[in-house]
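# Examining the three-dimensional arrangement
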Amino acid sequence: MYARRTACLLWFLLLISRPGAAQTPALSSGVPSQPSLASPPLPPPAPANPPPPAPAALRRPRVLRLQTEAADQLILKRYKYQTMLPDSLGALREVRALVLALQGDAYLTASADELRWAGRDTLRVRLYVGEKFRWARLRNGNLGDGLLTRAGYRERFFQNKPFQPADWARLQERILTEAENQGFPFATVGLDSVALRGADISGRVVLRRGRAVTFDSIQVVGNTKTKKRFLTKYLQIFPNQPYSQQRVAAAAQLLRQLPYLRLRAEPEVRFARGQARVYFLIDDRPANQFDAIVGVVPNTGGGTNSNKSGVQITGEATINLRNLKGGGKQAGVQWRKTDAKSQLLDAQYVHPNFFGSPLEVGATLNLYRQTGDFLTLRPRLEVSYPTARAGRLTFFTEQRSSRLLADSATNRARTSLPENIDSRYGAYGLGYARNNLDDLYFPRRGTLVSGQAAVGSKTIRRNADLNDTLYRRLPLRSTQISFGARAEHYFRAGRQGVLLLRVRGEGLLNARLFQNDLFRLGGLNSLRGFSENQYYASSYGVGTAEFRQFTGSDSYVFLFADQAYFRNETIRNAPRADQPTGLGAGISFRTAAGVFQFVYSVGRAKQQSFDVAKGKIHFGVTSRF
């Protein structure tokens, strides 16, 4: 019995320690501990003139009977296996699964030694369980301590612990992964100096590194104007750098995050003379954007022109230029006229690979003007570090200044502070974003998560036209915290259906907030069914459920529901809250001029009920070139 066990175990260790192997062994014929599970002798033949076959529901199932030693019966009670199987093949599979489960739990010599039929429907199996093996000690052979530690090796995990093949296989995989990320893509790993003392196994883990490999260059194949120099810095794959399989795998994900490139196939690596050349098959995709959207909403008395027609005309125009001169640079401008009195202007510039580093530097400028009330200007500078696995981490600093636009006579006549006030806010913050969407423009599956938080000092500035005594009991300096988050997920729903679930929100923490400090909520980009920037909010959250039925690669009809909650807390007024709801439908399809979108929506809130006649209509064309 000892010789049998030793031979079985040595064969088992050789199998799981073969070069580059890191998997649980399958049952194999011709091995003492793992006999062939080919079908046993057939049941006794049927009579010469058998009766017609019985219906499937009346056929007798196969019965599995296990015969083991008394000590092994207690062990088998911990395993779940079926004793009634629909056919003989199912019975054999059940025996195979049970033997593999025992071997995976350190009973390395477990085997099905004999299989025979008793009658026509009972399979009897003589099962040998054997001893439970354990690691006496697994020593470091020729691996550096740093590599073995990064691979997750700890000596206590392999000392007086059950010998479970899955644990050893995982250690092998991690060692190979570390090796191929350090310039040895052809490394193999195995056991050496294996010793067996009773049920205790000891040995050394040995790595055969093979030839060292370095990167040669990257090659771009396809119809693209993107410069190889930019991609080399963006992907951080430099000549003569040690080869890293992780960096090659990350390159595909990083390229999918660029809206102006389409990756047609996974990267291909060719090895020659100790160097690796990486080929990328990519094409340019239309990403430069020009669009104009016109909104028609019922008149709310916001101006003379709107009174004449009974409606208000709102609008939006956007220009985004991406991948300028093939270097990945981006610039954009957006203008929006949200109502008769409000206008908004956004401008941005993004410069990747700042001074050859993987860092991305960007600058934005936001200007919001409420005619007759206030003007707010917010410049921002940010530095981002994009990664494939961990997402995009951003550090930013921003300034926010706001000043009153009311005429001097009105301000001098005030006996209390106005709802809007002159102020300045400087902050530093962190942002994070990650997405694995299958398409940046028309996603069908995937997740997008982003968030940011900032803290800074807010200063209330004295307005020369206001009576200085109005500021007497108002602290002019305070600490303000702002935060925001967004998460959305796209689910497949049938062949062409997509369900979008999204949650987003923002908040301000400060005891001295005025109306021009607050967020604006409402409209096509935040809460559909309501006028643009209809609500002021110190904090808000919006949940969205939207179903899209695609009729083409970039055409679909959709239904949506937006549910929001917001609070308005300012120093001038008592806190207010509301829970507005927006419902609607729309269509988006491609035309010769671009993607045309039409949206109709209605909203309900405390001071507003669902009214089809007061619905909001938005339509426009988005053109990418």
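Everything numeric here is computed off the predicted structure, so don't read it as measured data. (Residues numbered from 1 in each chain as written. Predicted model: local features only at pLDDT ≥ 70, side-chain atom pairs only at ≥ 80, totals over all residues. Heavy atoms only, no water.)

Running from N to C, helix 6 (residues 228–235) and helix 7 (residues 245–256) cross one another at 115°; their axes reach a closest spacing of 10 Å. If you check the angle between helix 6 and helix 7, you find them roughly perpendicular. Like other packed secondary-structure pairs, helix 6 and helix 7 cross with a definite hand, here right-handed. Side by side, helix 6 and helix 7 meet where Leu231, Tyr234 and Leu235 of the first sit next to Arg247, Ala251, Leu254 and Leu255 of the second. Each residue belonging to the contact of helix 6 with helix 7 can be placed in one class, and the counts come to six nonpolar, no polar and one charged. (Axes fitted to C-alpha atoms, helices over the stretch in contact; angles between N-to-C directions. Helix = DSSP H or I, 4+ residues; strand = E, 2+ residues; numbered from the N terminus. Parallel < 35°, antiparallel > 145°, perpendicular 65-115°, else oblique. Left-handed = near helix turned anticlockwise from the far one by under 90°. Contact = heavy atoms within 4.5 Å. Nonpolar A, V, L, I, M, F, W, Y, C, P; charged D, E, K, R; others polar.)

Spatially, 2-1-4-3 is the arrangement adopted by the four strands of the open sheet, whose pairing is mixed. For this open sheet the edge positions go to strand 2 (84–85) and strand 3 (111–118), each flanked by a neighbour on one side alone. Pairing of strand 1 (residues 62–67) with strand 2, which is carried by two bridges, proceeds in the antiparallel orientation. When the sheet's bridge partners are listed, Val63 is paired in strand 2 with Met84. Its contacts with the sheet put helix 3 (residues 88–104) on strand 1, strand 2, strand 3 and strand 4 (122–128), and the angle it makes with strand 4 is roughly 15°. (Pairing = 2+ DSSP bridges.)

Next up on the list: the pattern of salt bridges. Pairing between side chains of opposite charge can happen when their charged atoms approach one another. Across all of its chains, the model carries 26 salt bridges by this definition. We note a salt bridge from Arg150 to Glu178, for which the minimum N-O separation is 3.4 Å. Of the two residues, Arg150 sits in helix 4 (residues 145–150) while Glu178 sits in helix 5 (residues 165–180), which places them 28 residues apart along the sequence. Several salt bridges converge on common partners, so that one network encompasses Arg528, Glu546, Arg548 and Asp562. (Salt bridge = Lys/Arg side-chain N within 4 Å of Asp/Glu carboxyl O.)

Scanning the entire structure with this criterion turns up 17 aromatic pairs. A ring pair is formed by Phe550 and Tyr556, whose centres lie 5.1 Å apart and whose planes are at 50°; its orientation type is tilted. A single burial state applies to Phe550 and to Tyr556, both of which are buried. Through successive ring pairs, a cluster of aromatic residues spans Trp135, Phe158, Phe163 and Trp168. Over the ring of Phe550 we find Arg444; its NZ or CZ atom is 3.8 Å from the centre of that ring. The cationic tip of Arg520 hangs over the ring face of Tyr536; the distance from NZ or CZ to the ring centre is 3.9 Å. (Phe/Tyr/Trp six-rings, centres within 6.5 Å; stacked < 30°, edge-to-face > 60°. Buried < 20%, exposed > 50% of the residue type's maximum accessible area, 1.4 Å probe, protein only. Lys NZ or Arg CZ within 6 Å of the ring centre and 35° of its normal.)

A few words now on helix 3. Given a rise of 1.5 Å per residue, 17 residues ought to cover 24 Å, and the 25 Å separating the end C-alpha atoms of helix 3 matches this to within 8%. For helix 3, every residue scored as buried is listed here: Gly90, Ala91, Leu92, Glu94, Val95, Leu98, Val99, Leu102 and Gln103. Put simply, Asp87 is the residue that caps the front of helix 3, since its side-chain oxygen is 3.4 Å from the backbone nitrogen of Leu89. Positive backbone phi, approximately 85°, marks Ala106, located one or two places after helix 3. (Expected span 1.5 Å × (residues − 1). Polar contact = N/O pair within 3.5 Å; in protein donor to acceptor, adjacent residues only side chain to side chain.)

Here we have four strands laid out as an open sheet, ordered 6-5-8-7, and mixed in their pairing. Looking at strand neighbours, the two that pair on one side only are strand 6 (161–162) and strand 7 (188–197), the edges of this open sheet. As judged from the six bridges shared by strand 5 (residues 134–140) and strand 8 (residues 200–208), these two strands associate in the parallel manner. Residue pairing for strand 8: Arg137 is matched across the bridge by Ser202. Most of the contacts of helix 5 go to strand 7, to which it runs at about 145°, and overall it touches strand 5, strand 7 and strand 8.

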